[in-house]
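Results of the structural survey
For reference, the chains in residue letters:
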Amino acid sequence: MKTIDSPSETVQASGSIPAAPGSSRTIIVKEFDFFKVVQDYLDRAARTINLQDYVRTILSEPKNEIIVNFPVKMDGGEVRLFKGYRVQHNNLLGPFKGGIRFHPSVTLDDVKALAAMMTWKSALMRIPFGGGKGGVKFDPHTVSRDELQRITRRFTHALSENIGPEYDIPAPDLGTNSQTMAWMMDTYSNMVGSARKQSVKGVVTGKPVASGGTLGRAKATGQGAVFCAIEWAKEKSFELEGSTMAVQGFGNVGSHVAVILSRLGVSTVAVGDHSGYMVNPEGLNAHKLQDWVVDHGSIAGYPGGKAVTREDFFKQKVDIFAPCALENQIGESEARSLDCKVVLEGANGPTNPAGEKILLERGIDILPDVLVNSGGVTVSYYEWVQNKRSESWTEEEVDTKLEKAMTRAYREISDFSRQNKVDRRIAGYALALSRIEAVYKEREIFP
Ligand code: NAD
């Protein structure tokens, strides 16, 4: 976010109020509107592969944008109205697919951006899914567990006509987890009638294993990111053992990246989350910190590190910087501060275009979100297949398939990027778009 007082500056964020010409009124705008950023990448990738114009036009907006306002009775007896979103971007390749976010910053435009990215990820990973995303605008840290359950169930109820195992399949994202998915699945299965109850487990993925989830899903996004880091290290002849890392966001994605990389000898020397930032040059114990966060809800109070400011966190000298929290975290100043060899984008949209330009000019590699965090949707697909077939695969089977899928996508992106002289992000988008375009060309436009 930045504050501007120049009325001539473009106001990009939806919902912000432009100052009247000549006015010196200060207004707050988002420096980069996430949906516009994603549309711009789409345009750049489309030009790279000469994408048919009608395909670009179709993909430039989501197919459906659903907004629901639903009441929930809070513990004190009062009724609060919540606003929820589900954006269904594209279902050409298969059912809409994508996470549900619980966060106070959720906006329709951000959900649109995230939904579009799911379309690219599914296509990039050769998964028969489309793209979708949803969210509810509230802070899950400020409600009780009972309230959280009621919010989740009412939201699922409000969406029920618009989701389904063959139509639109939610999953966990920022602020949600396997417990959220268990509540969603249970609510949905209670709404479809007894005869269909057992056959609709696949309405959500990322469920707890005992409730129809798959082994390996909890860590899948982090695991996929680590497979990318391994491929990058091979490509650069870089020794991961003995190297260092900073992680922003120590939730599902960030903590698993840190834990799995620690087994390969990578030491996490700096971490941060919504509660603050800390460093330890000797290395933080990723396992213990992960347990701490599960017990305490954040890294705050963890005894193994020294508190630093966000600014200092971004200045730490490390080999790998892994943003695994929110979008728009690496802007111009963070990109100038970063002292690392590679940015491993576990989060969606963590680097804004101004930050990206500086990182690339400084020779810092960026492994883009569209690739790095696609292990989540990939293993979600494995879960959905197991639900359909009433199977349960071993963790080894899941990990082996994921490794093959991530490695293939990594290499395809590297090759495309070298051959077409574009960065890895545009390469990822271009590969995804060319696969979607091939299907539009075959099926053509109805009627
Ligand atoms: P999570 O809720 O488990 O963890 C989010 C982390 O970000 C927490 O540590 C939280 O404290 C931190 N955070 C929140 N606000 C912050 C702020 N203002 N500053 C610093 N840190 C902040 O969520 P997650 O599932 O790990 O998702 C993280 C990112 O990864 C999101 O961008 C999400 O879209 C993306 N992602 C997640 C998955 C998945 O499978 N969970 C898959 C693909 C992409």
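Scope of this entry: the structure provided in the associated data block. (Residues numbered from 1 in each chain as written. Predicted model: local features only at pLDDT ≥ 70, side-chain atom pairs only at ≥ 80, totals over all residues. Heavy atoms only, no water.)

**Notes on the overall build of the chain**
Rule in force here: In this text, helices come from DSSP runs of H or I with a minimum length of four residues, and strands from runs of E with a minimum of two, each type numbered from the N-terminal end. C-alpha atoms define the radius of gyration, and 2.2 Å times the number of residues to the power 0.38 defines the globule rule. Buried, partly exposed and exposed residues are distinguished by accessible area as a fraction of the type maximum, computed with a 1.4 Å probe on protein chains only: under 20%, between the cut-offs, and over 50%, respectively. We call two residues contacting when some pair of their heavy atoms lies within 4.5 Å. We get accessible surface area from the Shrake-Rupley algorithm with a probe of 1.4 Å; when it comes to residues, only the shown protein chains can shield them. Asp and Glu count as negative and Lys and Arg as positive, but His and the ends of the chain are not part of the count. Where a charge sits is defined by one atom per residue type, namely NZ (Lys), CZ (Arg), CG (Asp) or CD (Glu).
A tally of helices and strands in the chain yields 15 helices and 14 strands. In terms of overall size, the chain behaves like a compact globule, its C-alpha atoms giving a radius of gyration of 21 Å where 447 residues would be expected to give roughly 22 Å. Viewed in the frame of its principal axes, the chain has a C-alpha envelope of about 60 × 50 × 50 Å. Within the chain, buried positions represent 56% of all 447 residues. In the chain, the share of contacts with a sequence separation of at least 24, taken over all contacts with a separation of at least 6, comes to 67%. Summing over all exposed atoms, the chain offers an accessible surface of approximately 19,000 Å²; the carbon and sulfur share of this is 50%. In the chain, 54 side chains carry a positive charge and 54 a negative one; their mean positions are 3 Å apart.

**Some details on the sheet that holds strand S4 (residues 79-90)**
Spelled out, the test is: Any two strands between which DSSP finds at least two bridges are classified as paired. Angles run from 0 to 180 degrees between N-to-C directions of axes, and those axes are lines fitted to C-alpha atoms, restricted for helices to the stretch in contact.
Strands sit in the order S3-S4-S6-S5-S7 across an open sheet of five strands; the sheet is mixed. This sheet does not close on itself; its edge strands, each paired only once, are strand S3 (64-73) and strand S7 (168-172). Across the sheet, the mean angle from the axis of one strand to that of its neighbour is 20°, orientation sign disregarded. Alignment of strand S5 (residues 96-102) against strand S6 (residues 131-136), held across three bridges, turns out to be parallel. By the bridge assignment for S6, arginine 101 is matched with glycine 135. Docked against the sheet, helix H3 (residues 108-124) engages S3, S4, S5 and S6, running at close to 35° with respect to S4.

**What to know about the nonpolar core**
To be explicit about the condition: For this analysis, a nonpolar core means a set of buried residues of the types Ala, Val, Leu, Ile, Met, Phe, Trp, Tyr and Cys, connected via side-chain atoms within 4.5 Å.
If you look at the biggest cluster of nonpolar residues, it comprises 88 residues, and the most contacted ones within it are Trp120, Met245 and Leu344. With 10 residues, the single largest contributor to this core is helix H15 (residues 424-443). If you look at the next biggest cluster of nonpolar residues, it comprises 25 residues, including Phe102, Leu148, Trp183 and Met185.

**Thoughts on the packing of helix H7 (residues 252-263) against helix H8 (residues 286-296)**
Short version of the rule: We call two directions roughly parallel when the angle between them is under 35 degrees, roughly antiparallel when it is over 145, roughly perpendicular when it lies between 65 and 115, and oblique otherwise. Should the near helix be turned counterclockwise from the far one by less than a right angle, the crossing is left-handed, whereas a clockwise turn marks it as right-handed. Note that Gly is not counted as nonpolar here; it falls among the polar residues with everything else outside the nonpolar set of Ala, Val, Leu, Ile, Met, Phe, Trp, Tyr, Cys and Pro and the charged set of Asp, Glu, Lys and Arg.
The interhelical angle for the contact between H7 and H8, taken along N-to-C directions, is 160°, at an axis separation of 9 Å. The pairing of H7 with H8 is recorded here as roughly antiparallel in orientation. Handedness of the H7/H8 crossing: left-handed. The segment H7 lies against H8, with Ser255, His256, Ala258, Val259, Ser262 and Arg263 engaging Ala286, His287 and Gln290. A class-by-class count of the residues in the contact of H7 with H8 yields three nonpolar, five polar and one charged.

**Examining H15**
Note the cut-off: A helix is expected to span 1.5 Å for every residue after the first. The definition of a polar contact used here is a pair of N or O atoms within 3.5 Å, where within protein one atom must be able to donate a hydrogen and the other to accept one, and adjacent residues in sequence count solely through side-chain atom pairs.
Between its first and last C-alpha, H15 extends 29 Å over 20 residues, near the 28 Å set by a 1.5 Å rise per residue. When you tally the buried positions in H15, you get 15 out of 20 residues, the bulk of the element. The residue sitting at the N-terminus of H15 and contributing the capping side-chain oxygen is aspartate 423; that oxygen lies 3.0 Å from the backbone nitrogen of arginine 425. Just downstream of H15, glutamate 444 is the residue with a positive phi angle, here 60°.

**Thoughts on the sheet that holds strand S8 (residues 244-248)**
As summarised here, the arrangement of the seven strands in space is S11-S10-S9-S8-S12-S13-S14, forming an open sheet in which the pairing is mixed. Each edge of the open sheet is held by one strand with a lone partner, namely strand S11 (306-308) and strand S14 (365-367). Each strand axis lies, on average, 20° off the axis of its neighbour in the sheet, ignoring direction. Where strand S10 (residues 276-284) and S11 come together, three bridges link them in antiparallel fashion. Its bridge partner being in S11, valine 279 is matched across the sheet by lysine 306.

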